[in-house]
Amino acid sequence: MQKHTGICIIVSILLGMNVVNGGQQNTLNLMPVPEEIVLKDGIFRLDESFALKIDGPADSRLYQAATGMLRRLAGRTGYFLPQDYITAESNPEHPQIIIKTSRIGEVKLFEDESYSLTITDKQITLIAETDIGVLRGFETFLQLLSIDKDGYYFPNCIINDKPRFPWRGLMIDASRHFMPVDVIKRNLDGMAAVKMNVFHWHLADDQGFRVECKTWPKLHDLGSDGFYYTQNQIKDIIAYAADRGIRVVPEFDVPAHATSWLAAYPELASAPGPYTIERGWGIKDPTMNPVNEFTYEFLDKFFAEMAVLFPDDYMHIGGDENNGKQWNANPEIQQFMKENDIPDNHMLQAYFNKQILKSLTKYNKKMIGWDEIFQPGLPTNIVIHSWRGQKSLIESAQKGYMGILSNGYYIDLIQSAEYHYLNDPIPEDTPLSAEEQKRILGGEATSWGELVSYETVDSRIWPRTAAIAERFWSPRSVKNVDDMYRRLDVTSFHLEELGLLHMNNYDMMLRRLTNNHNISPLKTFVDVVEPVKIYTRHRQGKIYTSYSPYTRVVDAARPESMTARHFADLVEKYIADPKNPDAAELILQLSVWLENHRQLVEIIKVSPVLKEIESMSADLEALADLGLEAAKALAKHKTLKKKALKASDVLFENAQKPRGQVELMIVPSIRKLVAAAGN
Ligand code: ACM
């Protein structure tokens, strides 16, 4: 037994660092970090008598969630827990966890998601205003499960938690590449695990219209290649999301990004058709006609149907990237603008939005759109979705509009978790007043779908989105990057338990790339590369379309190489002290890379698809060789020879060039090592 010293440590806001609890290092793996956590001495020891009782109003959502929580506990521990499906009749004699709620929550903006979790030696209580708060608490509880030599336990603590922002979203683009129902469902599970509460479903774009529409059936018939969600599937997904306390906000992007609509109904267009579904990427010309009454009749009927299908209060109308080319070229549109004193396309789109808003209002929907919809004359109950920068978010908040931020959370740009994590919807130096800050509702990570398939989408979303989820939930002061990465690794592993394939599909893709040979050398290589960043992939090599292969090394490669990140850390330590305890790991890693190319070349011989990375694999060998030489020199307090330094410049120059649209991520670290050994 631990001695109770009465010392409590407030972890929260200091965060995440290794907080000392009763002389032991705490190993909390919470993500997102709760608003307040007080660690106490002692533990609750989990055993096979563990049982749960719900006290307060509940329905199938809470019963399912409680059952699911117990199953995940059982799954991790192998314990045969006594309760099966939890219902109102579940009334164990000695419940070790008591759940108290006051009401059944509504899946809508601003719903109460707070909870308090108290763990003591003998008893656990989870109290929340709503069952949705209980769901959030269950996730925290599961993350607290810890292991010691005697088994499984929960650390004694008191957690009081609530979200910083009410809108914590993930957008999935199902238009550019269709994402089957099971992909959506497992990502909803991932969202719930990190307490996200808005699934923004990008359902229509130039490359595909993905919803069964009964009013205008050619939309899905002619606009989708047969890849669309039936209305029953949509209802099923909305119910699945609601069971996890997640809202579903559909996006129907108008008036641009509309080629798939026009392939079905060319009479909506601003230029004569016919149109076919777009296969390429980028900003396209086809745009709805804003001066044709038919456009508004069509959209009114369309939104009438969609307003019933999608129960959320908000409807996302897109509104982005209208290049105006078709509008400029259409004499009727130009005439209309003259007659109505509409000075430019921006104001013409404002006119268009006002007509759309009439329909949405009629069907009890509020409007949200990308920041292009921020135009004078629209009521302040619309939400501005800022993607081009923080500027529009700030301006709209100052003018009385609510907003959410996605700029800085574009996970399709293949940036680091750190980059996204440190991007704050309301940074410390915000010019907004306290009143204006309340209008910033939160943000959304955006998984644009051009370069992802159903096989790779999980690895693009996870685990980085968990860091973004923390940004939206936890206090602003929670921003220790090293600790975030430590917890992200654990979170990533836990997400796999929910069926997400971000880890599993890596091996599967490498197996396909090696044509079912030993994947080990390829893995060693792909572990240290990353896809090229931002949108450079569209500008290098082949032109991608919706039907291109997304199965190459660049697709298997993770957005962020944790091996390279760890190696950078080893290098820093080695330069500071070549005798540091991790020095051997650095030498071992370099030795593995030194030997790898020889093995990978044999695989490349039987798998031509890998030819494109052969020279980069050779560079990895050369870098390892050079790195070992530099490490040896540093250990012996010698300097590298001038000749070696000169040769290294050429190697670095070549090694940092992308090939096969991947970049070798250890080049800067080897450079540092060599520079240190050159001095
Ligand atoms: C966008 O990325 N065009 C909203």
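Cut-offs used in this document
Residues numbered from 1 in each chain as written. Predicted model: local features only at pLDDT ≥ 70, side-chain atom pairs only at ≥ 80, totals over all residues. Heavy atoms only, no water. Buried < 20%, exposed > 50% of the residue type's maximum accessible area, 1.4 Å probe, protein only. Helix = DSSP H or I, 4+ residues; strand = E, 2+ residues; numbered from the N terminus. Pairing = 2+ DSSP bridges. pLDDT = per-residue confidence, 0-100. Contact = heavy atoms within 4.5 Å. Phe/Tyr/Trp six-rings, centres within 6.5 Å; stacked < 30°, edge-to-face > 60°. Lys NZ or Arg CZ within 6 Å of the ring centre and 35° of its normal.

(A) Molecular detail of the pairing of strand E14 (residues 247-252). Burial analysis of E14 places six of its six residues in the buried class, the great majority of the element. Here E14 shows a buried face lined by Arg247, Val249 and Glu251 and a second buried face lined by Val248, Pro250 and Phe252. In this structure, strand E12 (residues 198-205) lies alongside E14, joined through six bridges in parallel fashion. Among the inter-strand pairings, Phe199 is bridged to a residue of E14, identified as Val248.

(B) Local environment of the confidence of the model for the protein chain. Summing up the model confidence of the protein chain, the mean pLDDT is 94 and the portion of residues at 70 or higher is 96%. Predicted confidence is poor over residues 1-27, with pLDDT under 50, and the contacts of this stretch with residues over four places away or in other chains come to 53 contacts.

(C) Region of the structure containing the pairing of strand E8 (residues 124-130). Within E8, five of the seven residues are buried, which leaves the element mostly enclosed by the surrounding structure. Bridging between strand E6 (residues 97-103) and E8 involves six bridges; their strand directions are parallel. Along E8, the bridge assignment pairs Arg103 with Thr130. Note: strand E7 (residues 115-119) against E8, four bridges, orientation antiparallel. Its bridge partner being in E8, Leu117 is matched across the sheet by Leu126. Here E7 folds back onto E8 in antiparallel fashion, the turn holding four residues.

(D) Geometry of the packing of aromatic side chains. Tallied over the full model, the rule gives 34 aromatic pairs. When the centroid spacing of 4.2 Å and the interplanar angle of 20° are considered together, the rings of Trp216 and Phe298 count as stacked. Of the two residues, Trp216 sits in the loop between strand E13 (208-209) and helix H4 (218-223) while Phe298 sits in helix H7 (residues 293-309), which places them 82 residues apart along the sequence. Take Trp216 and Phe298: they sit in the same class, and that class is buried. Here the guanidinium or amino end of Arg244 rests over the ring plane of Tyr240, the centre of that ring lying 3.5 Å away. Lying across the ring of Trp167, Arg247 places its NZ or CZ 4.3 Å from the centre.

(E) Structural context of unusual backbone geometry. Residue Pro274 is bonded to the preceding Gly273 through a cis peptide linkage, with omega at 0°. As for its position among the elements, Pro274 is in the loop between helix H6 (259-264) and H7. With an omega of 0°, the peptide bond between Trp462 and Pro463 qualifies as cis. You can see Pro463 is positioned in the loop between helix H14 (457-461) and helix H15 (464-473). Phi at Asn515 takes a positive value of approximately 55°, unusual for a residue other than glycine. Tracing the chain through its elements places Asn515 in the loop between helix H17 (504-513) and helix H18 (520-526).

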